[in-house]
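Residue-level structure breakdown
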Amino acid sequence: MYFRPALLLGFCCILSSAKAQEAVDGRFAVISNLKAGAAKVDITPPDAAATKIVGHVRQVSGVRDPLRAGVLILDDGETKAAIVTLDTIGAWDDMVKDARARIEAEAGVPAANILVSASHNHSGPGYIENMRWAADLINKLGAAAKEAAASMRTVSVGYAEDRISFGINRRKTYDGRAVVSLNPDGPNDPRVKVLRFDDGSTLTPLAVIMHAVCHPCFFTWGDKGSQPYPRGYPKMSADFPGEAQTFVEMCYGQKTSALFMQGCAGDIRPNLPGYPYRCADEADIQWAGRDLGGAVARAAAFGVTREQLRKRETFYPIRVASEVVELPGKEQPIRAELMAMKIGPFLLLTMPGEPMVEYGFKLEQAIANRATPIVVGYANGNIGYIATAEAHKVGGYEPNLSKLQPEAEVILLKKLGALADRVVGDVFESFSKHPRDMQKREAEEKARLQSVPVAKP
């Protein structure tokens, strides 16, 4: 075969350019329809001593480490969505409503497409108990959303898993009755799921979402053996999720935003033996924060190896579905907002309270390999404990405090499965091009975007 000199020279230049691009260590090409922007903000009350701590109610004298909120905004070219994470004990109804309205106004994300989640931190303020702080929080979320929206970049998304060692089930059954007791043989989920959002310009991600399963109650009330803190840790703190976020951001030179999302942690707590458990000290919180932070850093680093980069998608459609369902309550029906948010192959399923760990396993089994499921508790509302029907049979702390009847489990799993069907898009009605099906989907989506869910009883 004969090549003309000019053509051969051009071909060589293309090969040389391609090789030069491949040879740039620490950078990689991003081909994607997805744009993302992230920002974090300090939400620590200015006067901790005058602030009412909820979760484990106690008086504090100062602040150990800051409470923060993170805002991640996503845009696939057609649909905008946002994920908000908070170092608070709950995502209360009023907070969710206020946050959605402000973020929609500042960043143009439809309120119905905003997922608001809490770490379930037991050493922070309450929303209605501290209204001045609450107003400041919403202002700061609006500012963070505006900053995130102004910094949107084309990204691809990596996923990897690791494990933590400090969580343990806190229920044991004796003679047909459940008691509070650390149970290494009980169900537990030590997995850490990590999503990293990269623009490819460096090996530092734009944002990292970490998902783990454990109550952030290291600084709980102690017992007489819990020296030096038998009455609980005397300072405000973001607990282990805050410590882990700080660790991950330190690993990337403060050039990434680390966001924490809590899983189904209703019956999972820190493994701190005592009567029935003790309050943590500085060594304990460093152990947990660095255990989780290290797991996230390992998973995130693995996610940009060449083999993992080859697995990344180039098309990340965003699909969101949500519904307020009525659940059978012990005293009255309980309204709860459920949400499914799919970002490419990654599926977030949310519940507005404290689901026991088995909920995560059951939902993952139902989804199978149709998507990569990440089940999030403590999001878009706060209805308290969500115990399994099986747990109600033997009672104990979680089902006894729950406002729900055992029959709520079947409804929750069925409704979340239906929402997953709508966003995964492999059920015929979700992708049918028949005019009737298309009109139905368009009408449902229009109605959903125009009416922000209200989950109060």
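Not measured: the values here are computed from a predicted model.

With that out of the way, let us pick up the overall build of the chain. Along the chain, the regular secondary structure elements total twelve helices and 22 strands. Against the 2.2 N^0.38 benchmark of 23 Å for 457 residues, the chain shows a C-alpha radius of gyration of 23 Å, consistent with a compact globule. Across its three principal axes, the chain shows a C-alpha extent of roughly 90 × 55 × 45 Å. By sequence separation, contacts in the chain at least 24 residues apart represent 79% of the contacts at least 6 residues apart. Here the chain displays about 20,200 Å² of accessible surface, and carbon together with sulfur accounts for 54% of that area. Where the 55 positive side-chain charges of the chain centre and where its 53 negative ones centre are 2 Å apart.

This brings us to the confidence of the model for the chain. Summing up the model confidence of the chain, the mean pLDDT is 92 and the portion of residues at 70 or higher is 93%. When the criterion is pLDDT under 50, residues 14–21 qualifies, and its contacts beyond four places in sequence or with other chains add up to zero contacts.

What follows deals with the pattern of salt bridges. As enumerated under the stated definition, the model contains 22 salt bridges in all. K140 is the salt-bridge partner of D136, the closest N and O atoms lying 3.3 Å from each other. Within this pair, D136 and its partner K140 are both found in helix 3 (residues 131–149), separated by four residues, close to a single helical turn. Using a relative accessible area of 31% as the deciding quantity, one classes D136 as partly exposed. Overall, K140 belongs to the partly exposed group, its relative accessible area being 24%. Between R312 and D198 there is a salt bridge whose closest N-O contact spans 2.9 Å. A residue pair is termed long-range when its members are at least 10 positions apart, and R312 in the loop between helix 6 (306–309) and strand 17 (318–327) and D198 in strand 12 (residues 191–198) qualify at 114 residues. Neither residue differs from the other here; R312 and D198 are each classed as buried.

A few words now on the packing of helix 4 (residues 239–251) against helix 5 (residues 282–302). Orientation of helix 4 relative to helix 5, taken along the N-to-C sense of each, is 50°, at an axis distance of 8 Å. In terms of orientation, helix 4 lies oblique with respect to helix 5. Seen from above, helix 4 lies across helix 5 with right-handed handedness. Note on element contacts: helix 5 touches helix 4 through I285, Q286, A288, G289, R290, L292, G293, G294, V296 and A297, opposite D239, F240, E243, A244, F247, V248 and C251. Its residues placed into classes, the contact of helix 4 with helix 5 shows ten nonpolar, four polar and three charged.

Conventions adopted
- Residues numbered from 1 in each chain as written.
- Predicted model: local features only at pLDDT ≥ 70, side-chain atom pairs only at ≥ 80, totals over all residues.
- Heavy atoms only, no water.
- Helix = DSSP H or I, 4+ residues; strand = E, 2+ residues; numbered from the N terminus.
- Rg over C-alpha atoms; globule rule 2.2 N^0.38 Å.
- Contact = heavy atoms within 4.5 Å.
- Areas by Shrake-Rupley, 256 points an atom, 1.4 Å probe, with all protein chains shown as cover.
- Lys, Arg positive; Asp, Glu negative; His and termini not counted.
- Charge placed at Lys NZ, Arg CZ, Asp CG, Glu CD.
- pLDDT = per-residue confidence, 0-100.
- Salt bridge = Lys/Arg side-chain N within 4 Å of Asp/Glu carboxyl O.
- Buried < 20%, exposed > 50% of the residue type's maximum accessible area, 1.4 Å probe, protein only.
- Axes fitted to C-alpha atoms, helices over the stretch in contact; angles between N-to-C directions.
- Parallel < 35°, antiparallel > 145°, perpendicular 65-115°, else oblique.
- Left-handed = near helix turned anticlockwise from the far one by under 90°.
- Nonpolar A, V, L, I, M, F, W, Y, C, P; charged D, E, K, R; others polar.

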